[in-house]
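If you want the building blocks of each chain, they are given just below.
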Amino acid sequence: MENLEIIPKLNDRGVLIIKVIGFVDASNITLFDRRMHEAVENGYSKIILDLSELQYINSSALGILLDIHLSANKRKGDLRILNLPRKMQKTFDVLGFNDYFQIFNDEKSAVYSFS
Amino acid sequence: MAENSTRYSQTKKGNEKDSPRNSSKYFHLRFIVPGDVQELAAIRDRVEKQSASMNLSDEEAYQIVSAVDETCTNIIKHAYQGKEGNIEISLKVDSERFEIEVADKGIYFDPTLNIPQEIDQEKIGRQKGGLGLFIIKKTMDDLNYRFTMSGENKLHLVKYFRSE
């Protein structure tokens, strides 16, 4: 099994839901960077990142999320977080990400937040 | 991680009472791994297992694992700069704190000189770097660097247990 799986799913409301499974560290950050930027470059701007099966994410990957967020904003879209693992909440908190990203605990609410 | 690439020792002390954070769970573990990004997952697993034995919350354990991962990543990138070299990790736990010391023999690299004072989310993505140290500073209670007489970088991190 790969240590990182990135599974994109486009729903009927034009929202791209990207599920990240496994971990993101310095060994696979290049793959994560490429796949995340591909999503934006393919024209999608309403993006939900489902982190329910994320085991670990390093600081470089968190920086990439900010990049994607800014790119999506420039296209009048957004990057929103779904199912942030509880163990990562403090990390998001110290970085001010809890205020910066919209974070949801269920997919329907996250999808419908894109009006 | 191949076991033959790792030197490993562990000592325990204290009695065998089975209560959280009692002295039977104190330990001092030291292991040496190659400074290679492919080793990071195994390093995190080992630190996580030790944290789990101390009844830390998932959040506290994650912070410790993250601090070690970010420190080792910095060593590989900045102290060894792609060259081969080992990283020695020491984990020491008693009733009050979880202490971590990470040592390498790469070039002089004091990570405490590069810690951003604050985070600007609009700029982080482009700045690259510094974010990991900021996380360490904010989630660990003590952070100290020294360059030893024998030419080692040593980063010492401490997380105190919250009183129960």
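Residues numbered from 1 in each chain as written. Chains lettered and ligands numbered in written order. Predicted model: local features only at pLDDT ≥ 70, side-chain atom pairs only at ≥ 80, totals over all residues. Heavy atoms only, no water.

Novice: Mind showing me how you'd approach a nonpolar patch on the surface here?
Specialist: A contiguous nonpolar patch, built from Tyr108, Leu113 and Phe147 of chain B and spanning about 350 Å² of accessible area, is present on the exposed surface. As for its placement among the helices and strands, Tyr108 of chain B is situated in the loop between strand S4 (97–104) and helix H3 (121–127). (Patch = residues over 30% accessible without salt bridge, like charges linked within 9 Å, V, L, I, M, F, W, Y side chains within 5 Å. Areas by Shrake-Rupley, 256 points an atom, 1.4 Å probe, with all protein chains shown as cover. Salt bridge = Lys/Arg side-chain N within 4 Å of Asp/Glu carboxyl O. Helix = DSSP H or I, 4+ residues; strand = E, 2+ residues; numbered from the N terminus.)

Novice: I'm lost on the pairing of strand S2 (residues 16–24) of chain A in this one. Help?
Specialist: Within a regular beta strand, the side chains point alternately toward one face of the sheet and then the other, so they alternate between its two faces. All names here are of chain A. The buried fraction of S2 amounts to eight of the nine residues, a majority that puts the element mostly inside the structure. When strand S1 (residues 4–10) meets S2, the two strands line up antiparallel, connected through seven bridges. By the bridge assignment for S2, Lys9 is matched with Ile17. The turn joining S1 and S2, which pair antiparallel and follow one another in sequence, is formed by five residues; a positive phi near 75° is taken by Gly14. Taken together, the four bridges between S2 and strand S3 (residues 46–50) define a ladder with parallel strand orientation. Bridge assignment links Ile17 to a residue of S3, and that residue is Ile48. As paired elements, S2 and strand S4 (residues 54–57) share three bridges and run parallel to each other. Within S4, the residue paired with Phe23 across the bridge is Tyr56. (Buried < 20%, exposed > 50% of the residue type's maximum accessible area, 1.4 Å probe, protein only. Pairing = 2+ DSSP bridges.)

Novice: Hey, could you run me through the interface of chain A and chain B in this one?
Specialist: By a frequent convention, interface size equals the accessible area lost on bringing the separate parts together. Chain A puts 26 residues into the contact, and the matching count from chain B is 27 residues. On the chain A side of the interface with chain B, the three residues burying the most area are Tyr56, Lys87 and Leu95 of chain A, jointly 26% of the side's total. Counting the contacts that link chain A with chain B gives one salt bridge. Between Arg44 of chain B and Asp25 of chain A there is a salt bridge, with its nearest N and O atoms 2.7 Å apart. Our enumeration of links across chain A and chain B arrives at six residue pairs in polar contact (both at pLDDT 80 or more). Where the side of chain A that touches chain B is concerned, the elements lending two or more residues are S4, helix H2 (59–74), helix H3 (89–94) and helix H4 (97–100) of chain A. No other element matches H2 of chain A, which puts seven residues into the side of chain A that touches chain B. (Contact = heavy atoms within 4.5 Å. Buried area = accessible area lost by both parts, 1.4 Å probe. Polar contact = N/O pair within 3.5 Å; in protein donor to acceptor, adjacent residues only side chain to side chain.)

Novice: Looking at this model, I keep getting lost on helix H4 (residues 131–139) of chain B. Mind explaining?
Specialist: Think of an α-helix as turning once every 3.6 residues; residues three or four places apart then point the same way. Counted residue by residue, H4 of chain B has seven buried out of nine residues, so it is predominantly covered. When H4 of chain B is considered as a whole, its buried residues turn out to be Leu131, Gly132, Leu133, Phe134, Ile135, Ile136 and Thr139 of chain B.

Novice: Whenever I open this one, the pattern of salt bridges confuses me. Can you help?
Specialist: Pairing between side chains of opposite charge can happen when the charged atoms of each approach one another. All names here are of chain B. Taken as a whole and judged by the stated rule, the model has twelve salt bridges over all chains. When the shortest N-O distance is used, the salt bridge between Glu88 and Arg30 registers 2.9 Å. Remark: Arg30 occurs in strand S2 (residues 27–34) and Glu88 occurs in strand S3 (residues 86–93); sequence separation between them is 58 residues. By relative accessible area, which is 36% here, Arg30 ends up partly exposed. Here Glu101 makes a salt bridge to Lys154, at a shortest N to O gap of 3.8 Å. Here Lys154 lies in strand S6 (residues 153–160) and Glu101 lies in strand S4, a separation of 53 residues in the sequence.

Novice: Honestly, the side chain of Asp78 of chain A in this entry has me stumped. Any pointers?
Specialist: Looking at the secondary structure, you find Asp78 of chain A in strand S5 (residues 78–82). Sequence-distant contacts of Asp78 of chain A, that is, excluding residues within four places in its chain, are made with Ser45, Lys46, Ile47, His69, Ala72, Asn73, Gln102 and Phe114 of chain A.

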